[in-house]
Amino acid sequence: SERLFSSPVPLFYTKHTARYLTAWLVFLPFALYEPFGSTYNHFGMIPCAAVLSIFLFGIEELAIQLEEPFSILPLLLYTNTIGNNAVEIISWHFIEEDTSGTHR
């Protein structure tokens, strides 16, 4: 897992997807102009484009967070707790051997 953590996703990939999505959403109202011709002065395309933008930018932000899952999760804290618990359990075993006077 250390190799996965130390190899980041290329910054170009993240920037390219964000720029492409922004350009696509800028031109979206031009594509929605004709289908929303029946609404008053084409005002129906404004909320539609806004909702689509919120959803798509939300998915893009989620993808950025998922690119580096190990930086989000507190894995070091979890592994340290597991290690400390294991050391404590092992010490109990040796304490039992010392008090009983037998060795297994």
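Described below are features of the structure shown in this document. (Residues numbered from 1 in each chain as written. Predicted model: local features only at pLDDT ≥ 70, side-chain atom pairs only at ≥ 80, totals over all residues. Heavy atoms only, no water.)

The next subject is the overall build of the protein. The number of helices and strands found in the protein is five helices and zero strands. The burial tally for the protein puts 11% of its 104 residues in the buried class. Accessible surface for the protein amounts to roughly 8,800 Å². Of this, 70% is attributable to carbon and sulfur atoms. (Helix = DSSP H or I, 4+ residues; strand = E, 2+ residues; numbered from the N terminus. Buried < 20%, exposed > 50% of the residue type's maximum accessible area, 1.4 Å probe, protein only. Areas by Shrake-Rupley, 256 points an atom, 1.4 Å probe, with all protein chains shown as cover.)

Counting residues in each nonpolar core, the largest one holds six residues, listed as L21, L25, L28, L32, M45 and A49. Mapped onto this core, the elements with two or more residues apiece are α2 (11–32) and α3 (45–67). (Core = buried A, V, L, I, M, F, W, Y, C linked by side-chain atoms within 4.5 Å.)

Orientation of α2 relative to α3, taken along the N-to-C sense of each, is 170°, at an axis distance of 10 Å. In this view, α2 runs roughly antiparallel relative to α3, as classed from their interaxial angle. Of the residues in α3, those in contact with Y13, T14, T17, A18, L21, T22, W24, L25, L28, P29 and L32 of α2 are M45, C48, A49, L52, S53, L56, F57, E60, I64 and E67. (Axes fitted to C-alpha atoms, helices over the stretch in contact; angles between N-to-C directions. Parallel < 35°, antiparallel > 145°, perpendicular 65-115°, else oblique. Contact = heavy atoms within 4.5 Å.)

With that out of the way, let us pick up the packing of aromatic side chains. Tallied over the entire structure, the rule returns two aromatic pairs. Ring geometry for Y40 and F43: centres 5.9 Å apart, planes at 45°, overall tilted. According to the relative accessible area criterion, Y40 is exposed, its value standing at 68%. By relative accessible area, which is 47% here, F43 ends up partly exposed. (Phe/Tyr/Trp six-rings, centres within 6.5 Å; stacked < 30°, edge-to-face > 60°.)

The terminal C-alpha atoms of α3, which comprises 23 residues, lie 33 Å apart, in line with the 33 Å expected from a rise of 1.5 Å per residue. Among all positions of α3, only M45, A49, S53 and E60 are buried. Packed against the buried residues of α3 are α2. (Expected span 1.5 Å × (residues − 1).)

The next point concerns α2. With 22 residues, α2 extends 32 Å between its outermost C-alpha atoms, agreeing within 8% with the 32 Å of an ideal straight helix rising 1.5 Å per residue. Along α2, the largest kink reaches about 30° and is centred on V26; proline P29 follows within four residues of it. All buried positions along α2 are accounted for by T14, L21, L25, L28 and L32. Considering only its buried residues, α2 is in contact with α3. (Bend = angle between axes of the 7 residues up to and from the residue.)

A few words on a nonpolar patch on the surface. Among the surface-exposed residues, V26, F27 and F30 lie close enough to one another that they form a single nonpolar patch of about 370 Å² accessible area. Looking at the element boundaries, V26 is found in helix α2. (Patch = residues over 30% accessible without salt bridge, like charges linked within 9 Å, V, L, I, M, F, W, Y side chains within 5 Å. Salt bridge = Lys/Arg side-chain N within 4 Å of Asp/Glu carboxyl O.)

So, about unusual backbone geometry. With phi around 55°, N41 is a residue other than glycine that occupies positive phi space. Following the sequence through the fold, N41 ends up in the loop between α2 and α3. For N41, a relative accessible area of 53% puts it in the exposed group. Non-glycine residue H42 carries a positive phi angle of around 65°. Tracing the sequence through the fold places H42 in the loop between α2 and α3. Note on H42: relative accessible area 14%, which makes it buried.

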